[in-house]
Amino acid sequence: MSQSLIAALQNPALYPHPVDGFQVIETHISWVILTGPFAYKVKKPVNFGFLDFTNLNARKHFCGEELRLNQRLTNDLYLEVLPITGSAEAPQLGGEGPVIDYALKMRQFPQSGLLSTLQANGELTTAHIDEMAAQIAQFHLNAPKVPAEHEAGTPDSVMAPVRQNFEQIRPFLSDKADLLQLDALQAWAESSFERLKPLFAQRKAEGFIRECHGDIHLGNATVIDGKVVIFDCIEFNEPFRFTDVYADTGFLAMDLEDRGLKSLARRFISQYLELTGDYQGLELLNFYKAYRALVRAKVSLFSMPAEADPVQRATTLRQYRNYANLAESYSTIPSRFMAITHGVSAVGKSHVAMRLVEALGAIRLRSDVERKRLFGEQTVPNDPQAGIYSADASAATYTRLHEIAAVILRAGFPVVIDATYLKRDQRDGAAKIAEATGAPFLILDCNAPQAVIESWLALRQADKKDPSDATLVVIEAQQATREALTPAEILCSKRVQTNESGTLDTVVAQIRQRLPGL
């Protein structure tokens, strides 16, 4: 019935709106009928184990779930579930009488707006990534917590699909090198799981298992009316979306890295963490990225025809190996360092810190963000030494920055702290964290002409998006009371002239030379 129904639905008279023409997009689980202004999605009556659409009531239920779940991240994109009545040869949309199937009505959008298409055309920007980070962070913060009694998110339920990957991949491989690599990856996964088991249990207990999206990648995000929209979440299988939020973020980071966009993946993770403050789970990131890469490796093998010719087999194996190598890259011993910025407000420290994020994989911590996470917005007007900027509040802010930095370093990541660090005791506190965690320590001494600082401050104040409350009065007070770097500190510092891009390029190259693992 299904094929005849899809053919019969390509009749303009059935639709209460103009039809520009018909195009059918077919996947292994659905048909999507494009009409111009709207798209209609009909689920195939199939059973793949991880989903079962063979029953009409099941298709109705999952159409409703797809509508409900995707409306969390979209606005006026997923519209309604319509019954299909009549017969396969003469169907009616939303008609009377016995229902033969269901269609999910959606607003149609051009495929040219997909972020995967923009990326292929070289048009994906940092603004797109920042917008995704903001949306996903807000989505995760508001997503319902999976009940504590639910199995999802327990250590064993996290590890079961990881082990299943290896079991399902192994029969497809015959090359000795491929099998040895798979054995090494499985050994790493098992040892990582044992090490992370207490953290998995802690995440479950603390409510970080949420009703997530389950399938965030560039192919499931588009630009509509100038805004990024994330769509097509997993509706058909609860365990696929009842996950730790890091499984969602790890999927997008892996997808970006698979596309050769490592700097954007790093930027996404750092921006996401600034917005959520969920640094305690960072140690799970590479575990979930490796899992997601191996899921894609497995799917590539599953897609190989049973009677594949040598060329098809070679193409599939090349795709598999790309994903297996990506998974292997997440198992390598990390190169860590701890960097702090040093300089007055509006000198360009945040830009310098973000460069270390994108170029070297550091996680950026911002004093302005963490201060307001601790104390909220400033409530004492016209007094830069009171309220959230009092001496006690500033001391607590630096203590918190150093605590988070230790968590990041122990998770295996470099860290850069974006703060003024104009006082020696603040710098000493950071140096002690680096020493305690065995990480190299670097001070980025940021400088720019006064006229440049004042122009950047004016731009920032006009934009009204930066978390800093600094004014020119604050900057002048900082310049008057700053404590110069000591001779010992100068030895572990690099001077950055922030208005000259070449000096920052040199610093990045020097760090990379000293720590080749980056």
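Worth saying up front: this structure is predicted, and the values here are computed from it rather than measured.

A closer look at the sheet that holds strand β6 (residues 99–107)
Next, step 1: Judged by pairing direction, the sheet is antiparallel, and its 6 strands sit side by side in the order β1-β2-β3-β6-β4-β5 without closing on themselves. Among the strands making up the open sheet, the edge pair consists of β1 (23–26) and β5 (91–93). For this sheet, the mean inter-axis angle between neighbouring strands, taken without regard to orientation, is 25 degrees.
Next, step 2: Pairing geometry for strand β4 (residues 78–86) and β6, over 7 bridges, is antiparallel. Note that in β6 the partner of I84 across the bridge is D101.
Next, step 3: Strand contacts of helix α2 (residues 56–70): β3 (38–43), β4 and β6, with the helix running at about 15 degrees to β6, the strand carrying the most contacts.

With respect to the state of the cysteines
Next, step 1: Applying the stated criterion across every chain yields a total of 0 disulfides.
Next, step 2: Here C212 stays unpaired: no disulfide links it, and the sulfur of C233, its closest cysteine neighbor, is 10 Å away.
Next, step 3: Of the residues examined, C212 reaches a relative accessible area of 0% and is grouped as buried.
Next, step 4: Cysteine C492 shares no disulfide, and the gap to the nearest cysteine sulfur, in C446, comes to 14 Å.
Next, step 5: With relative accessibility at 25%, the residue C492 sits in the partly exposed group.

Section: the side chain of R366
Next, step 1: Positionally, R366 belongs in strand β12 (residues 363–366).
Next, step 2: Relative accessible area serves as the criterion here: at 11%, R366 is assigned to the buried category.
Next, step 3: In this structure the side chain of R366 is engaged in a polar contact, spanning 3.3 Å, whose partner is the side chain of D466.
Next, step 4: Leave out the neighbours within four places in its chain, and R366 touches E274, S350, L401, D418, D466 and P467.

The rules behind each value
- Residues numbered from 1 in each chain as written.
- Predicted model: local features only at pLDDT ≥ 70, side-chain atom pairs only at ≥ 80, totals over all residues.
- Heavy atoms only, no water.
- Pairing = 2+ DSSP bridges.
- Helix = DSSP H or I, 4+ residues; strand = E, 2+ residues; numbered from the N terminus.
- Axes fitted to C-alpha atoms, helices over the stretch in contact; angles between N-to-C directions.
- Contact = heavy atoms within 4.5 Å.
- Disulfide = S-S within 2.5 Å.
- Buried < 20%, exposed > 50% of the residue type's maximum accessible area, 1.4 Å probe, protein only.
- Polar contact = N/O pair within 3.5 Å; in protein donor to acceptor, adjacent residues only side chain to side chain.

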